[in-house]
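# Reading the structure
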Amino acid sequence: MGKRIGILTSGGDCAGLNPVIRAVVLRAAEYGWEVMGIRQATQGLMADPPQAVLLDPKAVGSLLTAGGTVLGTTNKGNPFAFPMPDGTLRDRSEDISRGYHQLGLDAIIGIGGDGSLAILRKLAQQGGWNLVGIPKTIDNDVGVTERSIGFDTAVNIATEALDRLQFTAASHSRVIVLEVMGRDAGHIAISAGIAGGADIILIPEIPFSVEKVCDKLKERQAQGKNYSLIIVAEAARTETGTAITTTDSLGQCRLGGIGQYLTEEICQRHVAETRVTVLGHVQRGGIPSPLDRLIASAFGVAAVDLVAEARFDHMVTWQNRKVVSVPIADAIAHYQAVDPESTLVRTARGLGIYLGD
Ligand code: F6P
């Protein structure tokens, strides 16, 4: 019998979301099923009537190369404590489940990071609906899967930034600090740092000493190297400090500022003229890389197949060159930071890249 599947993108956007939407719609069409695209993550289900659109398999072709998500998304507003216009917090979980049933869905494919997947799982359990998860995040910190959608594109962008910064750093004999995203994990920094030829890589998993970083910069100068590139993850911290955050006008806490802090510390010690570049949301935008398109396509097809097999409460993952499924509970129970003993950390050290410790 024909099924109707809902699809939503939740949490911060990234490159690869549109290719996964395309893959889900095309695979569902192979089964003769319909796909409803739910707008703005769970907020589309919460709305009355629910905000969703039937996705036409004949009209999704252009999504393969499109950045962002045509469905919209949000990384704000926990549905169990949802901020209302009058300033109060309300549990909107029942409204969301009402939306699911009103749309006549047989299942939802939820694309999100660990936070979104945990919320979706709780909603599905409470509301009696069927959920299949797909991991996405530039941070690549979802447990169990080696790859999440969006990470590769972000690494490409950060690597290209280092490639570009190298020339200006060399021309002016400067130190340039590149601050990248990644939340509490240093995956983008360690990967782009190696690929982009950084001299120093600073990640949250390995606290650093400003003094030792400056010593390393002076050592490079003494070796006749007239410039240095530092890549620093937004949550990196000194041995004695904590991650630098700012609070925005809505009272939300955001990571960022470690690049500026480090730049000032280096300048104050008169080590070298130093500049900072904060890459920010550039890492989330733009055309998805070929690898992200491949991962998105494989995940989209596999997720629809899980619905066909009625294997709900599972998430598709990339493991040992294969797409396999795991219980969502396992994925969200294992936060995936950079292992200080991992191949990439060893590779960086082996290349003489300084990691700040
Ligand atoms: O989780 C993805 C991410 O881009 C993090 O790397 C970053 O800390 C955060 O989202 C930024 O969130 P926002 O889009 O709310 O500024």
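Reading the values: the criteria
The numbers attached to residues start from 1 for each chain and follow its sequence in the written order. Per-residue local features are limited, in this predicted model, to residues with pLDDT of at least 70; the limit for side-chain atom pairs, both in listing and counting, is 80 or more; totals at the level of whole chains, interfaces and linings are taken over all residues. The basis for the side-chain values is all heavy atoms of the structure; hydrogens and waters are excluded. UniProt positions are given in the numbering used here, feature names are shortened, and annotations may be inferred rather than shown by experiment. Helix numbering and strand numbering both begin at the N terminus, where a helix is a DSSP run of H or I of at least 4 residues and a strand a DSSP run of E of at least 2. Three labels apply to residues, based on accessible area from a 1.4 Å probe with only protein chains included: buried if under 20% of the type maximum, exposed if over 50%, partly exposed otherwise in between. Residue contacts are defined here by distance: any two heavy atoms, one from each residue, within 4.5 Å place the two residues in contact. Between 30 and 60 degrees the pair is tilted, below 30 it is stacked and above 60 it is edge-to-face, where a pair is any two Phe, Tyr or Trp rings, Trp via its six-membered ring, whose centres lie within 6.5 Å. Here, a charge over a ring is recorded when the distance from Lys NZ or Arg CZ to the ring centre is within 6 Å and its angle to the ring normal is within 35 degrees. Note on geometry: axes are lines fitted to C-alpha atoms, helical ones only across the stretch in contact, with angles between N-to-C directions running from 0 to 180 degrees. Just so you know how the angles are binned, under 35 degrees is roughly parallel, over 145 roughly antiparallel, 65 to 115 roughly perpendicular, and the rest oblique. By definition, any crossing whose near helix is turned counterclockwise from its far helix by less than a right angle is left-handed, and any crossing with a clockwise turn is right-handed. Here the nonpolar group is Ala, Val, Leu, Ile, Met, Phe, Trp, Tyr, Cys and Pro; Asp, Glu, Lys and Arg are the charged ones; every other residue, Gly included, is treated as polar. It suffices for a single heavy atom of a residue to lie within 4 Å of a molecule or strand for the residue to be listed as near it. As used in this structure description, the phrase polar contact means that two N or O atoms lie within 3.5 Å; if the pair is within protein, one of them must be able to donate a hydrogen and the other to accept it, and residues adjacent in sequence are counted only when both atoms belong to side chains. For every accessible area listed, the method is Shrake-Rupley and the probe measures 1.4 Å; residues are considered covered only by the protein chains on display. Domain boundaries shown here were taken from an automatic or database domain assignment. Think of it this way: DSSP has to see at least two bridges between two strands before they count as a pair.

## Points about the UniProt feature "active site" (unreviewed entry) in the protein
- Mapped onto this structure's residue numbering, the UniProt feature "active site" (unreviewed entry) falls at D139.
- Along the chain, the position of D139 falls in the loop between β7 (131-135) and α5 (151-172).
- Here D139 falls in the buried class, since its relative accessible area comes to 9%.
- Not counting residues within four places of it along the chain, the set of residues in contact with D139 comprises G182, R183, A185 and H187.

## So, the packing of aromatic side chains
- For the coordinates displayed, the defined rule picks out three aromatic pairs.
- Taking the centre distance of 6.1 Å and the plane angle of 65 degrees together, the rings of F299 and W318 count as edge-to-face. Remark: W318 occurs in strand β14 (residues 314-319) and F299 occurs in helix α9 (residues 290-308); sequence separation between them is 19 residues. The two residues F299 and W318 agree in class, both being buried.
- For K3, the ring lying beneath its charged end belongs to W33, and the centroid distance is 5.8 Å.
- Of note, K122 hangs over the ring of F80, and the distance from its end group to the ring centre comes to 4.1 Å.

## Details of the packing of helix α6 (residues 187-195) against helix α11 (residues 343-350)
- Where α6 meets α11, the axes come as close as 10 Å, and the angle between the chain directions of the two elements is 40 degrees. Between α6 and α11, the angle is such that the two are oblique. Between α6 and α11 lies a crossing of left-handed hand. The residues of α11 that touch α6, namely those facing I190, S191 and I194, are L344, V345, T347 and A348.
- Per-class residue counts for the contact of α6 with α11 are five nonpolar, two polar and no charged.

## Re unusual backbone geometry
- Across the junction of D48 and P49, the peptide omega takes the value 5 degrees, indicating a cis bond.
- Among the secondary structure elements, P49 is positioned in the loop between α2 (42-46) and β3 (52-54).
- Residues other than glycine seldom take positive phi values, yet V144 does so here, at roughly 75 degrees.
- Residue classification places V144 among the partly exposed positions, given a relative accessible area of 27%.
- One non-glycine residue with positive phi stands out, namely N320, at about 50 degrees.

## Some details on the site of the ligand
- The environment of the ligand is made up of N75, K76, I138, D139, M181, G182, R183, E234, R254, H281 and R284.
- For the ligand, an oxygen atom lies 3.3 Å from a polar atom in the side chain of K76.
- Contact with the protein chains hides 84% of the accessible area of the ligand, taken as 400 Å² for the molecule alone.
- Taken together, the residues of the shell around the ligand sort by class into two nonpolar, three polar and six charged.
- Split by domain, the residues of the shell around the ligand number at least three in each of domain 1 (4-149 + 288-331) and domain 2 (153-284).

## Quick look at the environment of E160
- For E160, the position within the fold is in helix α5.
- Taking relative accessible area as the criterion, E160 reaches 37% and is therefore assigned partly exposed.
- Along the sequence, E160 and A195 sit 35 residues apart, while their C-alpha atoms lie 9.2 Å from each other.

## Quick notes on the pairing of strand β10 (residues 228-233)
- Summarising burial for β10: six of the six residues are buried, a large majority.
- Because side chains alternate across β10, one face comprises the buried residues S228, I230 and V232, and the other comprises L229, I231 and A233, equally buried.
- Where strand β8 (residues 175-180) meets β10, six bridges bridge the pair, whose relative direction is parallel. From the neighbouring strand, V175 faces β10, where its bridge partner is S228.

## Digging into the sheet that holds strand β9 (residues 200-202)
- Spatial ordering of the open sheet is given by β9-β10-β8-β13, a layout of four strands whose pairing is parallel. The sheet is open, and its two edges are formed by β9 and β13 (274-278), each paired on a single side. Taken over all neighbouring pairs, the strand axes of this sheet differ in orientation by 15 degrees on average, direction set aside.
- Where α5 meets the sheet, its contacts fall on β8, β10 and β13, and the angle it forms with β8 comes to roughly 165 degrees.

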